[in-house]
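Breakdown of the fold
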Amino acid sequence: MPGLLIALPLLVLGAGVLVGVAPLLDPVSTGDGSPLAPAGGAAWAALLPAVLVLVLTAARRPVGVLAAAAGAGLAGVSRLVSDLPLLTAPDLVVRPELIIETTDRARPLTPGAGAWLVVLADVLLLVAGGLAARWWTRRGAVLLAETSPSGPAGPDFAVSDPAPGAAAETAAPAPGGLGTFADAGPGLRIGQNGPTVLVGFLAAVAVMVGALLVPVTGEFLALRLLPPAAGLWDVLAALAAVLVVAVAVLMAAAVPRPVALAGLAGVACVLAVPGLTALLAGLTRGVDPASGAWWTLTGAVLLVLAAALSRRPGTAAAPSAGEARTATGPDGRADGTADLTVDLTDDLLADRPDDRTGRSLTAGGLALLAAVLGVLAWAVPVLQFDGAAPTGAAAAIVAPVRAPFLVAAVAVGIAAALVLPTTLGSRTGRAIVAALGAAGRVATAVLWAGPALALAGALALYAQVRAGQANTEDTADPLLAAVPSSFLHTWSAGWGLWAGVLSLVVALAAGIVAIAATAGGDRDRRDRMGGEPADPLRRVLAGVVGAGVVVAGCLPTHRTAAGGGPTLLTGYDLAAWGVWAVVLAGVGALVAAAVTTRPAVAAGALVAAAVVLAQRTWIPAAVRDDPGSATAAGWWIGWLAVAALLVAAVLLPLLVRRAVTPAAGDRA
């Protein structure tokens with residue numbers, strides 16, 4: 001076993017080093033003999049999985065090393081499929097860290113030594129994953145099913161291979177151990193980890209989309225005869241990535257949280273390498289990261305979040321006494337195997353105070369990060385005009401889409417400020433802090449619609465100016481009439497747009513964690529009350545206000561020379577997706593307020609819904625000052641719906657308090 005714990009980090013590190021040195025050995029040869037100019041420094045992003053494994057090794061977490069190596073090896077299947085085109089069809093590969101042509105006659109390309117090194121690196125990952133998986137199949141099942149306290153069987157039981165001739169299934173726990181799952185209590189089913197499976201499914205979708213899209217754009221692609229597009233190998237790589245994520249998530253949902261976190265982190269690190277490489281290439285060679293890179297990174301983040309949402313704790317407890325045990329070595333220190341043990345006496349559906357505090361801290365921290373990213377999206381250029389920050393008439397075109405990022409960031413930041421104090425554990429003003437925290441958590445679950453609305457507006461404008469950037473001579477174009485047309489202008493995504501994308505992703509993650517924390521508190525209180533209180537008046541009031549929110553979403557808030565503002569009924573227009581986000585968040589908030597057992601949750605959900613609807617109804621000054629701008633019916637109906645939500649934020653909590661008989665010790 002010690003040899004395996006040395007071999008795994010070396011194998012994963014070797015895989016990263018091989019990819020890092022591959023650009024130095026001519027990954028491909030050009031048809032005309034011209035040199036390549038790859039962003040070789042970006043190739044070292046492949047060391048990310050090795051960093052994870054080495055950190056776990058340094059922290060003396062052998063089980064974490066085994067889980068992370070197994071996850072990295074599993075994801076290596078997807079990487080191998082995506083890297084094989086370097087040998088079979090290098091002309092179709094978009095890999096700026098390996099291939100950037102300098103002439104338009106460089107093709108056809110033929111594989112070189114560097115391409116073989118990349119494939120060899122994938123094989124090393126597979127070997128590492130295979131060795132770790134072999135250990136899990138021989139010894140992991142016993143370790144997950146049986147837990148031994150310190151003593152003769154302590155550390156050896158956790159990290160040693162079975163003696164020759166001894167069957168792993170017959171390994172007996174030490175006296176006072178826990179026995180097997182079947183003997184100790186009910187089985188731990190994957191279905192009890194719904195949040196992990198749900199977020200893992202979203203991660204699979206994001207990774208698949210990222211695998212099908214081009215990771216970068218740049219001038220070197222213009223040298224190619226055909227534009228880059230997804231081919232057969234890309235489709236196979238996307239399918240392999242989906243399969244890898246699905247298998248990893250289902251396995252993670254059935255093991256303790258620390259094991260799931262290490263395993264999914266290993267998968268995420270490998271899958272995140274292409275996206276991280278694209279970002280580094282953009283910094284070193286002037287290549288612009290494309291949407292494929294961001295989708296891939298989003299999927300990696302969601303994978304780690306899925307593991308964090310696991311409901312299977314990593315503490316051991318004897319079923320008879322319920323006392324936690326920690327495996328220790330001969331020197332009395334923890335041997336690093338305690339993160340494998342499982343508490344069989346816990347109700348996995350219960351929401352323990354320590355879990356709720358951790359989720360609140362996670363939700364608040366993510367919301368704060370989303371707010372910072374939103375401010376960054378407002379502060380730096382969302383779009384670039386001719387490769388620089390827009391000025392003059394071009395700046396006036398971009399101005400309307402900047403302010404919504406700031407408004408959304410302020411709202412999300414306030415929600416984070418309400419959530420974070422609840423994790424401090426202070427008894428001063430405990431009831432007030434708990435009520436504000438409950439309101440802040442549910443508000444976080446609603447306010448993701450603000451960044452979504454801001455980003456949808458920015459993307460819609462980006463698509464519009466890109467479609468008309470070659471139309472500079474048409475003075476009838478309302479976007480380009482005032483832009484000088486002495487040469488061909490180009491629009492490109494600025495760092496503000498990418499910050500807006502990340503702000504939405506992080507806000508969604510914060511909302512998911514906040515929902516898990518809020519639902520747990522409601523479930524505990526409902527159980528103590530013996531069921532859900534019947535109050536049809538709340539549902540009727542929520543339904544009436546919800547109808548107003550939907551009607552407001554169907555009507556434009558303003559009209560300009562270019563037409564009416566986006567609504568639910570404008571088809572698949574990018575801006576319409578932002579309106580859909582606002583309406584869905586508002587309706588969801590009303591549903592939460594109608595079924596909750598806590599007044600603070602009802603108030604927080606409805607106030608947050610009013611904020612996001614007000615953001616959609618509010619018309620930026622840059623739009624109002626346009627000579628052809630005028631308010632439309634949606635503006636009046638929208639503000640009426642905002643007022644109705646605020647009134648409901650007062651009435652529904654009163655109805656909740658009237659319908660619910662507080663149990664002893666209840667807190668908001």
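Residues numbered from 1 in each chain as written. Predicted model: local features only at pLDDT ≥ 70, side-chain atom pairs only at ≥ 80, totals over all residues. Heavy atoms only, no water.

As a further point, take the overall build of the protein chain. Across its full length, the protein chain carries 23 helices and eleven strands. Relative to its 668 residues, the protein chain shows a buried fraction of 50%. For the protein chain, the share of sequence-separated contacts (at least 6 apart) that also reach a separation of at least 24 residues comes to 82%. Working note: accessible area of the protein chain is about 28200 Å², and carbon and sulfur atoms make up 69% of it. (Helix = DSSP H or I, 4+ residues; strand = E, 2+ residues; numbered from the N terminus. Buried < 20%, exposed > 50% of the residue type's maximum accessible area, 1.4 Å probe, protein only. Contact = heavy atoms within 4.5 Å. Areas by Shrake-Rupley, 256 points an atom, 1.4 Å probe, with all protein chains shown as cover.)

Let us now look at the packing of aromatic side chains. Per the stated rule, a full pass over the model turns up three aromatic pairs. Aromatic side chains tryptophan 294 and tryptophan 498 sit 4.8 Å apart centroid to centroid with 20° between the ring planes, which places their arrangement in the stacked category. Pair noted here: tryptophan 294 is in helix H12 (residues 291–308) and tryptophan 498 is in helix H18 (residues 495–529), with a separation of 204 residues, a long-range link. Ring geometry for tryptophan 635 and tryptophan 636: centres 4.7 Å apart, planes at 85°, overall edge-to-face. Residue class for tryptophan 636 comes out exposed when judged on its relative accessible area of 54%. Among the aromatic residues, ring-to-ring pairing joins Trp635, Trp636 and Trp639 into one connected group. (Phe/Tyr/Trp six-rings, centres within 6.5 Å; stacked < 30°, edge-to-face > 60°.)

What follows covers helix H2 (residues 48–58). Restricting attention to buried positions, one finds in H2 the residues Pro49, Ala50, Leu52, Val53 and Leu56. An end-on view of H2 places all buried positions within 160° of arc, on one side of the element. Away from its buried face by more than 90 degrees, H2 exposes Val55 and Ala58. Residue arginine 60 follows H2 closely and has a positive phi angle near 60°. (Arc of directions from axis to C-beta.)

Secondary-structure assignment places aspartate 83 in helix H3 (residues 62–83). Filtering out sequence-adjacent residues up to four positions away, aspartate 83 remains in contact with Arg95, Val118, Val119 and Asp122.

Positive phi outside glycine occurs at aspartate 26, with the angle close to 55°. Examined against the element boundaries, aspartate 26 turns out to sit in the loop between helix H1 (2–21) and strand E1 (28–29).

Time to look at the side chain of threonine 277. Considering the arrangement of structural elements, one finds threonine 277 in helix H11 (residues 257–285). Ignoring any residue separated from it by four or fewer positions in sequence, one finds threonine 277 in contact with Ala42, Ala45 and Glu97.

What follows covers empty space enclosed by the protein. All chains considered together, the criterion is met by three cavities of 30 Å³ or more. Of the pockets and cavities examined, the largest cavity occupies roughly 190 Å³. At the level of secondary structure, the elements contributing two or more residues to the lining of the largest cavity comprise H1, H3, helix H5 (113–145) and H11. Among the residues making up the lining of the largest cavity, the classes are represented as eleven nonpolar, two polar and five charged. (1 Å grid on protein atoms, 1.4 Å probe; cavity = no way out; pocket = protein on both sides within 12 Å on 5 of 7 lines; lining within 4 Å. Points joined across faces, edges and corners; volume = space filled by probe spheres on them. Nonpolar A, V, L, I, M, F, W, Y, C, P; charged D, E, K, R; others polar.)

Moving on, we come to the sheet that holds strand E11 (residues 630–631). Taking strand neighbours across the sheet as the criterion, the three strands line up as E10-E9-E11 in an open arrangement whose pairing is antiparallel. The outermost strands of the open sheet, each flanked by one partner alone, are strand E10 (563–564) and E11. Both strand E9 (residues 558–560) and E10 contribute to a ladder of two bridges, which runs antiparallel. For arginine 559, the partnering residue across the bridge sits in E10 and is glycine 564. (Pairing = 2+ DSSP bridges.)

On to the pattern of salt bridges. By the definition in use, this model includes three salt bridges. Note that glutamate 97 is salt-bridged to arginine 95, the shortest N-O span being 2.7 Å. Of the two residues, glutamate 97 and arginine 95, neither departs from the other in class, the shared state being buried. Taken together, the salt bridges that share partners define one network made up of Arg79, Asp83, Arg95 and Glu97. (Salt bridge = Lys/Arg side-chain N within 4 Å of Asp/Glu carboxyl O.)

Another point: the nonpolar core. Ranked by internal contacts, the top residues of the largest apolar core, which has 148 residues, are Leu303, Leu383 and Leu645. Counting residues in hydrophobic clusters, the runner-up holds six residues, among them Val216, Ala278, Val287 and Ala293. (Core = buried A, V, L, I, M, F, W, Y, C linked by side-chain atoms within 4.5 Å.)

In this section: the environment of valine 65. With respect to the helices and strands, the residue valine 65 is situated in helix H3. Remark: the alpha-carbon pair of valine 65 and valine 55, spanning ten residues in sequence, is separated by 8.8 Å. If near-sequence neighbours (up to four positions away) are discounted, valine 65 is found in contact with Leu5, Leu8, Pro9, Val53, Leu56 and Thr57.

Turning next to helix H8 (residues 194–212). End to end, H8 covers 27 Å across 19 residues, agreeing with the expected 27 Å (1.5 Å per residue, within 8%). Of all the positions in H8, only Pro195, Thr196, Val199, Gly200, Ala203, Ala204, Ala206, Val207 and Gly210 are classed as buried. (Expected span 1.5 Å × (residues − 1).)

By themselves, these observations are geometric and do not establish any function.
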